[in-house]
Amino acid sequence: DTEVTQTPKHLVMGMTNKKSLKCEQHMGHRAMYWYKQKAKKPPELMFVYSYEKLSINESVPSRFSPECPNSSLLNLHLHALQPEDSALYLCASSPQGAVTEAFFGQGTRLTVV
Amino acid sequence: DAKTTQPNSMESNEEEPVHLPCNHSTISGTDYIHWYRQLPSQGPEYVIHGLTSNVNNRMASLAIAEDRKSSTLILHRATLRDAAVYYCILRDVDRDDKIIFGKGTRLHILP
């Protein structure tokens, strides 16, 4: 199984809602990532987890809260988002850094209304 | 983070080879050169990576300049399914968890 699975595929939420994005991989990868991608732009790194601990936070606003409950699962909790947070949110995983490839999910298309 | 420079867009005819260039003049000795591509409405997918020597796999070839300040991704026989945004990314083995995307090259394939 070489897949990174993201759910849901689409999400519409109000600015006062709380929702979560989920990402799962069963490849035993030690690093997991969240990216945000706006239309016609490259993916922007948000967070990196290494061995289930947050290792990189790219100055992301606190309304985005990541969580890594176990080595296979990565969540992104969303609260009080703004319309400009509407984007494609991508999850990725990687076994061991620069010498290996990363695997990306198909993303969750988030719309904040 | 070492930066990469790629042309914004390129066109190629179907069934012809495509050479996608990438400049990385500030590359360090611990940077691996990675290529990913993103097809429409999909997440990025890995294409190839290398350090110093040229690399081949079933998808593409990677040609790395002797001074490592540039590289070229070669698609040997482009198909319509190769139309995508191609990203050249440097990954530092000492800061190995970061994967930072530049603007990439949008490749158009003409039938």
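All residue numbers here refer to positions counted from 1 along the written sequence of the relevant chain. Following the order in which they are written, the chains are lettered starting with A and the ligands numbered starting with 1. Only residues with pLDDT of at least 70 are given local features in this predicted model, and only at 80 or more are side-chain atom pairs given and counted; all residues enter the totals for whole chains, interfaces and linings. Excluded from the side-chain calculation are hydrogens and water; included are all heavy atoms of the structure.

Visitor: Any chance you could break down the overall build of chain A for me, citing the residues and the numbers?
Guide: Helical segments are the DSSP runs of H or I of at least four residues, strand segments are the runs of E of at least two, and each set is numbered from the N terminus. A count of helical and extended segments in chain A gives zero helices and eleven strands. Listing every helix and strand of chain A by position from the N terminus yields β-β-β-β-β-β-β-β-β-β-β. Based on C-alpha atoms, the radius of gyration is set beside the globule rule, defined as 2.2 Å times the residue count to the power 0.38. Rg of the C-alpha trace for chain A: 13 Å, near the compact-globule value of 13 Å for 113 residues, within the 12% margin. Projected onto the principal axes, the alpha-carbon positions of chain A cover approximately 40 × 25 × 25 Å. For chain A, the residues scored as buried account for 51% of the 113 residues in total. Taking the intrachain contacts of chain A between residues at least 6 apart in sequence as the baseline, contacts between residues at least 24 apart amount to 53%. Surface exposure here means Shrake-Rupley accessible area, sampled with a 1.4 Å probe, where a residue is shielded only by the protein chains that are shown. About 5,500 Å² of surface is accessible on chain A, with carbon and sulfur atoms providing 50% of the total. Working definition: with a 1.4 Å probe on protein chains only, accessible area under 20% of the residue-type maximum means buried, over 50% means exposed, and in between means partly exposed. We call two residues in contact when some of their heavy atoms are within 4.5 Å.

Visitor: Hey, could you go over the packing of aromatic side chains for me, with residue numbers and the actual values?
Guide: Each aromatic ring pair is characterised by the separation of its centres together with the angle its planes make. Put simply, two rings from Phe, Tyr or Trp (the six-membered ring, in Trp's case) pair if the centres are within 6.5 Å, and we call them stacked under 30 degrees between planes, edge-to-face over 60, tilted for the rest. Summed over the entire model, instances satisfying the criterion amount to nine aromatic pairs over all chains. Relative to A:F104, the ring of A:Y35 lies with its centre 5.7 Å away and its plane at 50°, an arrangement referred to as tilted. Taken together, the residues A:Y35 in strand β4 (residues 31-37) and A:F104 in strand β10 (residues 103-104) connect sequence positions 69 residues apart. Per residue, the accessibility class of A:Y35 equals that of A:F104, and both read buried. Consider the rings of A:Y35 and B:F101, whose centres lie 5.6 Å apart with planes at 85°: the pair is edge-to-face. With A:Y35 in strand β4 and B:F101 in the loop between β8 (84-92) and β9 (105-110), this pair bridges two chains. Here A:Y35 matches B:F101 in class, with each residue buried. An aromatic cluster of three or more residues is present, and its members are A:Y33, A:Y35, A:F104, B:Y36, B:Y46, B:Y87 and B:F101.

Visitor: Explain the interface of chain B and chain A to me, and be specific about the residues and the numbers.
Guide: Counting residues at the interface gives 23 residues for chain B and 26 residues for chain A. Carbon and sulfur atoms make up 55% of the surface buried where chain B meets chain A, a total of about 1,800 Å² over both sides. Considering only the surface of chain B that becomes buried against chain A, B:D97, B:I99 and B:F101 emerge as the three largest contributors, covering 28% of it. A:E58 serves as the salt-bridge partner of B:K98, at 3.3 Å between the closest nitrogen and oxygen. The definition of a polar contact used here is a pair of N or O atoms within 3.5 Å, where within protein one atom must be able to donate a hydrogen and the other to accept one, and adjacent residues in sequence count solely through side-chain atom pairs. The interface formed by chain B and chain A includes six residue pairs in polar contact (both at pLDDT 80 or more). When residues of the side of chain B that touches chain A are assigned to their parent elements, the largest contribution, four residues, is made by strand β3 (residues 31-38) of chain B. A quick way to say it: buried area is the sum, across both parts, of accessible area lost when two parts are put together, with a 1.4 Å probe. By definition here, a salt bridge exists when the distance from a side-chain nitrogen of Lys or Arg to a carboxyl oxygen of Asp or Glu is within 4 Å.

Visitor: Just give me the short version of the sheet that holds strand β4 (residues 45-50) of chain B, but keep the residues and values in it.
Guide: All names here are of chain B. By this definition, two strands are paired if DSSP reports at least two bridges between them. The sheet built from five strands is open, its strands ordered β1-β9-β8-β3-β4 with mixed pairing. Of all strands in the sheet, those bounded by a partner on one side alone are β1 (9-13) and β4. The sheet shows a mean angle of 25° between the axes of neighbouring strands, taken without regard to direction. In the sheet, β8 pairs with β9 via three bridges, with the strands oriented antiparallel. Looking at the pairing, V85 lines up with R106 of β9. Axes, fitted as lines to C-alpha atoms, cover a helix only where it is in contact. Angles between the N-to-C directions of the axes lie from 0 to 180 degrees.

Visitor: So what about the state of the cysteines? Which residues, and what values?
Guide: Any cysteine sulfur atom paired with another within 2.5 Å is treated as part of a disulfide. Taken as a whole, this structure holds two disulfides over all chains when the rule is applied. The disulfide partner of A:C23 is A:C91, and the gap between their sulfur atoms is 1.9 Å. Around the S-S axis, the bridge from A:C23 to A:C91 shows a dihedral of about -70° and counts as left-handed. With A:C23 in strand β3 (residues 18-25) and A:C91 in strand β9 (residues 87-94), this pair connects stretches of sequence that are 68 residues apart. Between the sulfur atoms of B:C22 and its disulfide mate B:C88 the distance is 2.1 Å. Residues B:C22 and B:C88 are joined through a disulfide that is left-handed, its torsion about the S-S bond being -85°. Residue B:C22 is located in strand β2 (residues 18-23), and its partner B:C88 is located in strand β8; the two are separated by 66 residues in the primary sequence. For the pair shown, B:C22 and B:C88 are each scored as buried. A:C23 supplies the cysteine sulfur nearest to A:C68, a cysteine that is in no disulfide, at a spacing of 9.2 Å.

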